[in-house]
Amino acid sequence: MGLDIILQIIVLLGAIFIGIRLGGIAIGYAGGLGVVILGLFLGLKPGSIPWDVILIIAAAIAAISAMQQAGGLDYMVKMTEKLLRANPKFINYLSPACGWLLTILAGTGNAVFSLMPVVIDVAKSQNIKPSVPLSLMVVSSQIGITASPVSAAVVYMSGILEPLGWNYPTLLGIWIATTFIACMVTAFIISLITPLDLSKCSIYQERLKAGLVKDPNEILHAEDKPGAKLSVGIFLITVLAVVLYATAISSNIKWIDPVIIPRDAAIMSFLLTAATLITWLCKVEPSKIIETSVFKSGMTACVCVFGVAWLGNTFVSAHEAGIKEVAGDWVKQAPAMLAVAFFFASMLLYSQAATAKAIVPVIITALGISATNPHDSYMLVACFAAVSALFVLPTYPTLLGAVQMDDTGSTKIGKFIFNHSFFIPGVLAIVISVSLGFLIVSLL
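The residue numbering used here restarts from 1 in each chain and proceeds along that chain's sequence as written. Given that this is a predicted model, residues contribute local features only at a pLDDT of at least 70 and side-chain atom pairs are listed and counted only at 80 or more, while totals for whole chains, interfaces and linings are drawn from all residues. Hydrogens are left out, water is left out, and the side-chain values use all remaining heavy atoms of the structure.

Enquirer: Looking at this model, I keep getting lost on the overall build of the protein. Mind explaining?
Expert: Scanning the protein for helices and strands turns up 20 helices and zero strands. Over its C-alpha atoms the protein spans a radius of gyration of 22 Å, differing by no more than 12% from the 22 Å that the globule rule assigns to 444 residues. Projected onto its principal axes, the C-alpha coordinates of the protein cover approximately 60 × 50 × 45 Å. For each residue, the accessible area found with a 1.4 Å probe, counting protein chains only, is set against the maximum for its type, and the residue is called buried under 20%, exposed over 50%, and partly exposed in between. When each of the 444 residues of the protein is scored for burial, the buried share is 53%. Across the protein, contacts joining residues at least 24 apart in sequence account for 81% of those joining residues at least 6 apart. Carbon and sulfur atoms provide 68% of the accessible area of the protein, an area that totals close to 19100 Å². The convention is simple: Lys and Arg are positive, Asp and Glu are negative, and His and the chain ends are not counted. By convention, charge coordinates are those of NZ in Lys, CZ in Arg, CG in Asp, or CD in Glu. Here the protein contributes 24 positive and 22 negative side-chain charges, whose respective centroids are spaced 5 Å apart. Comment: elements are numbered from the N terminus, with helices defined as DSSP H or I runs of at least four residues and strands as E runs of at least two. Using C-alpha atoms as the atom set, the radius of gyration is obtained and then compared with a globule rule of 2.2 Å times the number of residues to the power 0.38. Contacts between residues were defined by any pair of non-hydrogen atoms, one from each residue, lying within 4.5 Å. Per-residue accessibility takes into account occlusion by the displayed protein chains alone, with areas from the Shrake-Rupley method and a 1.4 Å probe.

This is the structure we're talking about:
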């Protein structure tokens, strides 16, 4: 490895580190800084910007933030809250299931923010450490992105895999089944190996004596906004329409042929249509939509994907030939190594979609995968969930939110960066999901 490559890696990791230290939208800013240094001082040509991924995220956030302003997101959370409070003994299973389902429907894991206080209260009422259901829910919300029909990651991967012989319903079925089962099995294992008794937690006892722990709250009976249910109905019908349209234009099904509106354009236009209908029929004030938490976090995600993915693509494209050779050899010898590559790339690129966009083309070229030689494409299907390792570095918003909201102190970040409450559940969920993926694709 030459000095120039070492310097480039230092800049790549250094920019990411600076962004992580600054936090929030600054992660994307720092990506732009890295591109400047790599380009002007180290001679690398700027890589491609994943505009399709960014625009799909923006369209999804436009619809979801309109639904939130109409009261729809609060209504969905309220229904979920009732389920959690009605079955408190099963909190370790219901919290990841609810986090997974909300992410599947909304296409963003940020929906779990509103559930966190509920999960904490229910766990405390059952003398269960909140760290267990909280960590399971956060991890499930991240892995659920790889099974959501409106997520940019799924849209991108299905678009890549369909020409290789995989139809959209099959892909969605595999990813929904493997991720959900993985989340539930992970919940079982974590509940089995983790001491759950909250009363025996020394940190909790200290905080309890100091008066820093709130009593579990009763269910809130806030009134729904007039357009809440209608906004949820419009959004869910849109999600169904996305699935049906993507199925109809699938290369193996071809219910619609020729295809006038391609998949990406259809999904973006459907979501913007949903946003229009919600704003109009639910009488939402457009100027207030940009003030919602979903809009703010979603636009932050767009900037983060913009900067960090651009930085990653700049480095990868400069060394594409070498990466193809090494990656090709590794994956040919052990297909599961693709999951390892996805895992570490997503840890740095901070986005499931950006990771897929950066790694998949390299692997396809390295293995010679094409429409006439699609055999090795099964690896991409089986390993897809591994792009969800956003929990490894304890900086992701939902992870930090869980730590900050848990007043018992059981959900924590350790002194050694990786020894936090989310690491083991996250690794387990990905390993199980990838293993199930290989099992299922071997049977097809």
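Enquirer: How should I be thinking about the nonpolar core in this particular structure?
Expert: In globular proteins that are soluble, nonpolar side chains generally tend to be buried together. Among the nonpolar cores identified, the biggest contains 133 residues, and Met-157, Leu-161, Trp-175, Leu-338, Phe-342 and Leu-380 are the most heavily contacted of them. In terms of residues, this core owes the most to one element, helix α3 (residues 51-69), which gives eleven residues. Of the residues that make up this core, three or more belong to each of domain 1 (1-46) and domain 2 (47-442). Not counting chain neighbours up to four residues away, the residues in contact with Met-157 comprise Trp-175, Ala-356, Val-360, Leu-380 and Phe-384. Nine residue types can take part in a nonpolar core, namely buried Ala, Val, Leu, Ile, Met, Phe, Trp, Tyr and Cys, and a core is a set of them joined through side-chain atoms within 4.5 Å. The split of the chain into domains comes from an automatic or database domain assignment.

Enquirer: Hey, could you run me through the domain arrangement of the protein in this one?
Expert: When the parts of a complex come together, some accessible area is lost, and that lost area is often used as the size of the interface. Examined at the domain level, the protein breaks down into domain 1 (1-46) and domain 2 (47-442). The straight-line distance from the C-alpha centre of domain 1 to that of domain 2 is 26 Å. At the interface, 21 residues of domain 1 touch 19 residues of domain 2. When two parts are put together, the accessible area they lose, computed with a 1.4 Å probe and summed over both, is reported as buried area. Of the roughly 1600 Å² buried at the junction of domain 1 and domain 2 (both faces included), carbon and sulfur atoms supply 85%. Residues adjacent in sequence count toward polar contacts only when both atoms are side-chain atoms; beyond that, a polar contact is any pair of N or O atoms within 3.5 Å, and within protein one must be able to donate a hydrogen and the other to accept it. For the interface between domain 1 and domain 2, the tally reads one residue pair in polar contact (both at pLDDT 80 or more). Going through the elements one at a time, α1 (3-22) and α2 (26-40) are the ones with two or more residues in the side of domain 1 that touches domain 2.

Enquirer: How should helix α19 (residues 397-405) be read in this particular structure?
Expert: In an α-helix, one turn spans 3.6 residues; hence positions three or four apart end up facing the same way. Among the residues of α19, Thr-398, Leu-399, Gly-401 and Ala-402 are the ones counted as buried. Seen end-on, α19 carries its buried residues on one side only, within an arc spanning 165°. Each element contacted by the buried residues of α19 is listed here: α6 (116-125) and α7 (131-143). Working definition: the arc comes from the directions between the helix axis and the C-beta atoms, pointing outward to the latter.

Enquirer: Any chance you could explain the packing of aromatic side chains here in plain terms?
Expert: How two aromatic rings sit relative to each other is set out by the distance from centre to centre and by the angle between their planes. Two rings from Phe, Tyr or Trp (for Trp, the six-membered ring) form a pair when their centres are within 6.5 Å of each other. A pair whose planes differ by under 30 degrees is stacked, one over 60 is edge-to-face, and the rest are tilted. Counted under the stated rule, the structure contains eight aromatic pairs. Measuring from centroid to centroid gives 5.5 Å for Phe-343 and Phe-344, while their planes differ by 75°, and the two rings are edge-to-face. Phe-344 gets classed as partly exposed once you look at its relative accessible area, which sits at 47%. An aromatic cluster of three or more residues is present, and its members are Trp-51, Phe-306 and Trp-310.

Enquirer: Is there a simple way to explain helix α4 (residues 72-86) in this structure?
Expert: One fewer than the residue count of a helix, multiplied by 1.5 Å, yields its expected span. If you check α4, its first and last C-alpha atoms are 21 Å apart, about what 15 residues at 1.5 Å a residue would give, namely 21 Å. If you check which residues of α4 are buried, you get Gly-72, Leu-73, Tyr-75, Met-76, Val-77, Lys-78, Thr-80, Glu-81 and Leu-84. Elements in contact with the buried residues of α4: α3, α5 (91-106), α6, α11 (228-248) and α14 (293-318).

Enquirer: Whenever I open this one, a nonpolar patch on the surface confuses me. Can you help?
Expert: Patches here: salt-bridge-free residues with over 30% relative accessible area, like charges joined within 9 Å, nonpolar side chains (Val, Leu, Ile, Met, Phe, Trp, Tyr) joined within 5 Å. Think of a salt bridge as a Lys or Arg side-chain nitrogen and an Asp or Glu carboxyl oxygen that are within 4 Å of each other. A contiguous nonpolar patch, built from Leu-3, Ile-6, Leu-7 and Ile-10 and spanning about 370 Å² of accessible area, is present on the exposed surface. Within the fold, Leu-3 resides in helix α1. On the basis of relative accessible area, Leu-3 is assigned to the exposed category, the value being 60%.

Enquirer: Teacher, can you tell me more about unusual backbone geometry here?
Expert: For residues besides glycine, phi is generally negative; the peptide bonds are generally trans as well. A cis amide bond links Asp-257 with the next residue in sequence, Pro-258, at an omega value of 5°. Residues other than glycine seldom take positive phi values, yet Asn-127 does so here, at roughly 55°. Take Asn-127: it is sitting in the loop between α6 and α7. By relative accessible area, which is 32% here, Asn-127 ends up partly exposed.

Enquirer: Teacher, can you tell me more about the packing of α5 against α7 here?
Expert: In helix packing, the relevant descriptors are the interaxial angle and the interaxial distance, both defined with respect to the helix axes. Axes, fitted as lines to C-alpha atoms, cover a helix only where it is in contact. Angles between the N-to-C directions of the axes lie from 0 to 180 degrees. At a minimum axis distance of 8 Å, the contact between α5 and α7 shows a crossing angle of 25°. The angle between α5 and α7 falls in the class roughly parallel. Taken as a pair, α5 and α7 cross one another with a handedness that is right-handed. Packed against α5, whose contacting residues are Ile-91, Asn-92, Ser-95, Pro-96, Gly-99, Trp-100 and Thr-103, the element α7 presents Val-132, Pro-133, Leu-136, Met-137, Ser-140 and Ser-141 at the interface. Tallied by class, the residues present in the contact of α5 with α7 amount to seven nonpolar, six polar and no charged. Every angle not falling under 35 degrees, over 145, or within 65 to 115 is termed oblique; those three ranges are roughly parallel, roughly antiparallel and roughly perpendicular. Should the near helix be turned anticlockwise from the far one by less than a right angle, the crossing is termed left-handed; should it be turned clockwise, right-handed. When residues are grouped by polarity, Ala, Val, Leu, Ile, Met, Phe, Trp, Tyr, Cys and Pro land in nonpolar, Asp, Glu, Lys and Arg in charged, and all others, Gly among them, in polar.

Enquirer: Would you mind going over the environment of Glu-291 with me for this structure?
Expert: Following the sequence through the fold, Glu-291 ends up in the loop between α13 (286-289) and α14. Separated by 96 residues in the primary sequence, Glu-291 and Val-387 place their C-alpha atoms 30 Å from one another.

Enquirer: Help me understand the pattern of salt bridges in this model?
Expert: Side chains that differ in sign of charge can pair as their charged atoms come close. By the definition in use, this model includes one salt bridge. As a salt-bridge pair, Asp-407 and Lys-124 come within 3.1 Å of each other at their nearest N and O atoms. Placement of Asp-407 in the loop between α19 and α20 (423-443) and of Lys-124 in helix α6 is noted, with a sequence separation of 283 residues between them. Each member of the pair Asp-407 and Lys-124 is classed as buried.

Enquirer: What is the right way to read the side chain of Ser-346 from this model?
Expert: For Ser-346, the position within the fold is in helix α16 (residues 337-349). By relative accessible area, Ser-346 is classed as buried at 0%. For Ser-346, the side chain forms a polar contact with the main-chain nitrogen of Ala-389, separated by 3.2 Å. The residues contacting Ser-346, other than those within four sequence positions of it, are Ser-351, Thr-355, Ala-386, Val-387, Ser-388, Ala-389 and Leu-390.

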